[in-house]
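Chain by chain, the residues run as shown.
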Amino acid sequence: MSIAQPSLQQQVQSLYSEHHGWLLGWLRKKLSCPHGAADVAQDTFVRIIASRDALFGMREPRAYLSTTAKRLLLDRARRQLLERSYLAELALLADSLPGAPSPDEILMAVQALEQIATALASVSARARDAFLLHYLEEQSQAAVAAQLNVSTRMVQKYLVQALLACRHACPAMAA
């Protein structure tokens, strides 16, 4: 170890023991929060220790500590402002989006799906496939025709068959 290491350690220890209590009290008055004051005091000493050159030639330790702490307080205030703005934007976004469905809405959707499944069970496999490809997979009628190897006109007939079966199976659709 070099001779500078113990000297640096002694300087840090001396600075901390002589001024930590004062800095903590000063920050408590500024922040009105003992936990926040303790955090900023600790960050102040960490910042000073990290810049070792600051320890050499420090004439007014309290002035240096308070200046460093003020800068940290400004950084903290900026961070908190940014965080509040971000959370406010998230809240606005959450309010503008539809929420989770209610239990009644879930029940109605499940019942409607059961009725559609019953209706589709009553039509041919090709009509069922055409319905599922067109309405669930959002394929065009031409794409469905190509996949089923039939004409577009035939796909239209399959879709009409499936929709009529759904209308008969789902009383709400008939209204």
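Residues numbered from 1 in each chain as written. Predicted model: local features only at pLDDT ≥ 70, side-chain atom pairs only at ≥ 80, totals over all residues. Heavy atoms only, no water.

Going by an unreviewed UniProt entry, the protein carries the name RNA polymerase subunit sigma and comes from Janthinobacterium svalbardensis. Recorded in UniProt for the protein, the comment headed Sequence similarities (unreviewed entry) runs: "Belongs to the sigma-70 factor family. ECF subfamily." (UniProt positions renumbered as here; feature names shortened; annotations may be inferred.)

(A) Quick look at the overall build of the protein. For the protein, the helix and strand inventory stands at eight helices and zero strands. Counting from the amino terminus, the protein carries its helices and strands in the arrangement α-α-α-α-α-α-α-α. For 175 residues, the compact-globule estimate of 2.2 N^0.38 gives 16 Å, and the C-alpha radius of gyration of the protein, at 36 Å, exceeds that figure by more than 25%. Projected onto its principal axes, the C-alpha coordinates of the protein cover approximately 90 × 40 × 25 Å. Sorting the 175 residues of the protein into buried and exposed places 25% on the buried side. For the protein, the distance from the average site of its 18 positive side-chain charges to the average site of its 15 negative ones is 7 Å. (Helix = DSSP H or I, 4+ residues; strand = E, 2+ residues; numbered from the N terminus. Rg over C-alpha atoms; globule rule 2.2 N^0.38 Å. Buried < 20%, exposed > 50% of the residue type's maximum accessible area, 1.4 Å probe, protein only. Lys, Arg positive; Asp, Glu negative; His and termini not counted. Charge placed at Lys NZ, Arg CZ, Asp CG, Glu CD.)

(B) View of the pattern of salt bridges. Within the structure shown, the criterion is met by two salt bridges. Linking Asp75 and Arg47 is a salt bridge whose minimum nitrogen-to-oxygen distance equals 3.9 Å. One end of the pair, Asp75, is in helix α3 (residues 61-96); the other, Arg47, is in helix α2 (residues 34-50), and 28 residues separate them in sequence. Judged by its relative accessible area of 28%, Asp75 falls in the partly exposed class. Here Arg47 falls in the partly exposed class, since its relative accessible area comes to 40%. Here Asp75 and Arg78 are joined by a salt bridge, their closest N and O atoms 3.3 Å apart. Taken together, the residues Asp75 and Arg78, both in helix α3 and three residues apart, mark about one turn of the helix. (Salt bridge = Lys/Arg side-chain N within 4 Å of Asp/Glu carboxyl O.)

(C) Expanded view of the UniProt feature "domain: RNA polymerase sigma factor 70 region 4 type" (unreviewed entry) in the protein. Those places that UniProt annotates as "domain: RNA polymerase sigma factor 70 region 4 type" (unreviewed entry) correspond, in this numbering, to residues 114-166. This span, residues 114-166, is 81% helix and 0% strand, and a straight line between its end C-alpha atoms measures 11 Å.

(D) Main features of unusual backbone geometry. Of note in this structure, Ser32 is not a glycine but carries a positive phi near 60 degrees. On the secondary structure map, Ser32 appears in the loop between α1 (4-31) and α2. Judged by relative accessible area, Ser32 falls into the exposed class, the value being 66%.

(E) Structural detail: the packing of helix α4 (residues 103-121) against helix α5 (residues 125-136). One can describe the packing of α4 onto α5 by two numbers: an axis separation of 9 Å at closest approach and a directional angle of 140 degrees. It follows from the interaxial angle that α4 and α5 lie oblique. When α4 is examined against α5, the residues Ile116, Leu120 and Ala121 are found in contact with a partner set consisting of Arg128, Phe131 and Leu132. When the residues that make up the contact of α4 with α5 are grouped by side-chain class, the tally is five nonpolar, no polar and one charged. (Axes fitted to C-alpha atoms, helices over the stretch in contact; angles between N-to-C directions. Parallel < 35°, antiparallel > 145°, perpendicular 65-115°, else oblique. Contact = heavy atoms within 4.5 Å. Nonpolar A, V, L, I, M, F, W, Y, C, P; charged D, E, K, R; others polar.)

(F) View of the packing of α5 against helix α7 (residues 152-169). At a closest axis distance of 8 Å, the pairing of α5 and α7 adopts a crossing angle of 90 degrees. The pairing of α5 with α7 is recorded here as roughly perpendicular in orientation. Of the residues in α7, those touching α5 at Arg126, Ala127, Ala130, Phe131, His134 and Tyr135 are Tyr158, Leu159, Gln161, Ala162, Leu163 and Cys166. Of the residues assigned to the contact of α5 with α7, the class counts are nine nonpolar, two polar and one charged.

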